[in-house]
Amino acid sequence: MKINFYTLFFYLFFFSKTFSGELVIKILNIEEKIGSLHFAIYDNPKNFPEEEGKKIGFKQTVSDIINDEVIINDLEESEYAVAIYHDENDNNRFDTILAIPQEKFGFSNDAKVFFGPPSFDEASFYLKKNERLKIEISLRWHYEKKDISHRW
């Protein structure tokens, strides 16, 4: 009986990664092929989209992913939201002037921005275990360039 218990324990421990989810992110609207893209994955609505609250955070150079996708493995079954920004000058911070973004950004579900970031609910999605979920995120400015040209 001990052998069966240990075999089962070893099997569950060794193969537990097969029960995790995989998130595939495709970034749209990359205009400038310079700098880095910063990614933040959140699983807690209270922390979204604060720097300290992210579950996973990383950056990749734009040239590495311009025509490719970003794959995040081994995610637990949960509700997640993604926030990204294009750090064109590679200074490792999201540049703003008077709280107005100076760099392009995006959120999962292409959640809209009105006087601040979207809520976790607007940007969140559910990732199941053993699921490979592909999402697309469009980079955008805090305003649409085509809309502002009509105001003049």
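Residues numbered from 1 in each chain as written. Predicted model: local features only at pLDDT ≥ 70, side-chain atom pairs only at ≥ 80, totals over all residues. Heavy atoms only, no water.

Student: Let's hear about the side chain of Lys104: which residues, and what values?
Tutor: Tracing the backbone through its elements, the reader meets Lys104 in the loop between strand S7 (100-101) and strand S8 (105-107). Within the structure, Lys104 has its side chain in polar contact with the backbone oxygen of Asn29 (distance 3.0 Å). Sequence-distant contacts of Lys104, defined by excluding residues within four places in its chain, comprise Asn29, Glu31, Tyr85, His86, Phe94, Leu139, Arg140 and Trp141. (Helix = DSSP H or I, 4+ residues; strand = E, 2+ residues; numbered from the N terminus. Polar contact = N/O pair within 3.5 Å; in protein donor to acceptor, adjacent residues only side chain to side chain. Contact = heavy atoms within 4.5 Å.)

Student: Hey, could you go over the sheet that holds strand S4 (residues 70-75) for me, with residue numbers and the actual values?
Tutor: Across the sheet, which stays open at both edges, the three strands sit in the order S4-S1-S10 with mixed pairing between neighbours. For this open sheet the edge positions go to S4 and strand S10 (132-138), each flanked by a neighbour on one side alone. On average, adjacent strands in this sheet sit at an angle of 20° to one another, irrespective of strand direction. Pairing of strand S1 (residues 21-28) with S4 involves four bridges; the strand directions are antiparallel. Considered in S4, the bridge of Gly21 is made with Leu75. (Pairing = 2+ DSSP bridges. Axes fitted to C-alpha atoms, helices over the stretch in contact; angles between N-to-C directions.)

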